[in-house]
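Each chain, letter by letter, is given below.
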Amino acid sequence: MHDVVKPSTPEREQKVARRKLRGWIYIAAAVLFLIVVVVALKALGTAILILLIVVITLLAILFGVTAVNRFRSRATTAGAVFAVLFLFLALVDVKLLQFLKMSSSPMVMPATTVTSAVAKEEDWAPALSSVGTISAVQGAIVATELGGTVSEVGFPNGGEAKKGDVLLKLDTSSEAAQFNTAKADLELARSDLQRARDLATRKVISKAELDSAESKFHQKQGTVDNMQAMIEKKEVRAPFDGQLGIRLVNVGQMINAGQQVVSLQALDPLFVDFAVPQQNLPNLVQGLEARVRTDALGDRVFVGKVTAINSSVDTATRNVSVQVTLDNQDHALKPGMFAKIEIILPTKQKTLVVPGTQVSYAPYGDSVYVIETKKDEKTGKESQTIRQAFVRVGEARGDFVSITKGLKAGDTVVGTGVFKLRNGMAVTINNELAPKPELNPTPSDS
């Protein structure tokens, strides 16, 4: 049906204008109401949200009934306005119901995938760790006692030398000539002494003349011995068996007394010199086993024994010097190398250990995440969550560290990714790609 056309009068036009104005007022009020609803949703809780839904539902029903009545009374404009308001409030009501459903169902974060390991007790022999330097049992830089010109070098660079081998000869032509003269004088003095003794037997000469002949003979003998010693000192000999280094002189070179010739080191056995704090002195005795490693030889371990403990403590560092002796038959170790030493003490103790990657190190304290199984009282479903536990870390060996406080044997601890976790998170365990910790790791890139 259509509205009946009526003659236009000023009163009717004013009435229509008022109706349109009321319609626009209703729309503005609805928009303002929507803004208030959105703000209230952010600030208020679920109970107020339900109250708003009830109020808006009642208003929507009221506007719907009013729209129907307007259409029946043939006031189509007003009916259209109330119909729009009804649809608007119905839409708001639907959205509020969606918000209510979302707020009533708690958000559940997906479980984080982690690796795990079990804290276990192992028999660890207490050990003292330190660093030191490898040194030769016998080692020296061979030098000359006298100066002169090098006439012969009797060793190859890096070769082996036996005790007494001639390493270097200096020119002895001048000393040899003087030696021959001295020997001739000695022979003459010996003949004079022999004749003096014969004459003294026949009492031809006095006792004073015999003593003079003997004194002259001994002087000439001393001169010969001195010249012979000087010639022998012109030859540099190896003082002990060992391996030679690179020569520091050449044939024809004029050198002075004390000139270094070559390094000579006895490489088997070797010493390892290091220091430990004085509080470890009660645990140190000679004969304890020591394991020595060096970065130059990768994971190779040399086993030796403690052979000497210094009789005094360094007053500056309060450390005591210790010496380990070890075999080096293949000459793999060289004097001067840096070494890591581990002295194995005779007693063993139960130690709680976990892989070092499970510990989160922080200035306020070290911690681990313990995996616990919890059961939902309503559904009966079990889930795994994590609990942060602060621990005290002790000695480290290989990939493991000892825990002295904060854990017990059998606790399952998160292995990797501890920095992205927080207390109470749900987790799932997947150890398919987890790295396997080792007590003596051998990385491929070491």
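Nothing here was measured: the structure is a model prediction, and the numbers come from that model. Residue numbering note: each chain is counted from 1, following its sequence as written. In keeping with the predicted nature of the model, local features appear solely for residues at pLDDT of at least 70, side-chain atom pairs appear and are counted solely at 80 or more, and the whole-chain, interface and lining totals rest on all residues. In computing side-chain values, all of the structure's heavy atoms are included and hydrogens and water are not.

Peer 1: Quick one: what's the story with the nonpolar core, residue by residue and with numbers?
Peer 2: With 24 residues, the main nonpolar core has V272, F274, I341 and I343 as its most contacted residues. In this text, helices come from DSSP runs of H or I with a minimum length of four residues, and strands from runs of E with a minimum of two, each type numbered from the N-terminal end. Broken down by element, this core gets its largest block of residues, five residues, from strand β11 (residues 260-277). Beyond its immediate stretch of four places on either side in the chain, V272 contacts T133, I134, V292, V322, Q323, V324, L326, A339 and I341. Ranked by size, the runner-up nonpolar core spans 18 residues in total, among them V150, A161, L168 and I255. Throughout this description, the term nonpolar core refers to a set of buried Ala, Val, Leu, Ile, Met, Phe, Trp, Tyr and Cys residues connected via side-chain atoms within 4.5 Å. Three exposure classes are used, based on accessible area relative to the maximum for each residue type with a 1.4 Å probe and protein chains only: buried under 20%, partly exposed in between, and exposed over 50%. Here a residue-residue contact requires only that any non-hydrogen atoms of the pair lie within 4.5 Å.

Peer 1: Before we move on, could you go through the sheet that holds strand β8 (residues 235-237) and cite the residues and values that matter?
Peer 2: Spatially, β8-β7-β5-β10 is the arrangement adopted by the four strands of the open sheet, whose pairing is antiparallel. Taken across any chain shown, the strands that pair with only one partner, and hence form the sheet edges, are β8 and β10 (254-255). One requirement defines pairing of two strands: DSSP has to find at least two bridges between them. Looking at chain direction, strand β7 (residues 166-170) and β8 are connected through three bridges and run antiparallel. Among the inter-strand pairings, K169 is bridged to a residue of β8, identified as E235.

Peer 1: Break down helix α4 (residues 173-201) for me, with residues and values.
Peer 2: One fewer than the residue count of a helix, multiplied by 1.5 Å, yields its expected span. The terminal C-alpha atoms of α4 lie 42 Å apart, and with 29 residues this matches the ideal 42 Å at 1.5 Å per residue to within 8%. Taken as a whole, α4 has its buried residues at E175, F179, A182, L186, A189, L193 and A196. The inward-facing, buried residues of α4 contact α5 (207-233). Of the residues trailing α4, K203 is marked for its positive phi of about 60 degrees.

Peer 1: Account for unusual backbone geometry, with residues named and values stated.
Peer 2: Residue P269 is reached from D268 by a cis peptide bond, and omega for that bond is 0 degrees. Tracing the sequence through the fold places P269 in strand β11. The phi dihedral of R318 is positive, around 60 degrees, even though this residue is not glycine. With respect to the element layout, R318 can be found in the loop between β13 (302-313) and β14 (319-326). A residue is classified by how much of its surface remains accessible, and R318, at 46% relative accessible area, is partly exposed.

Peer 1: Describe the side chain of T385, naming the residues involved and giving the relevant values.
Peer 2: Here T385 is to be found in strand β18 (residues 382-397). A residue is classified by how much of its surface remains accessible, and T385, at 11% relative accessible area, is buried. Apart from residues lying up to four places away in sequence, T385 is in contact with V370, I371, E372, K374, G424, M425 and A426.

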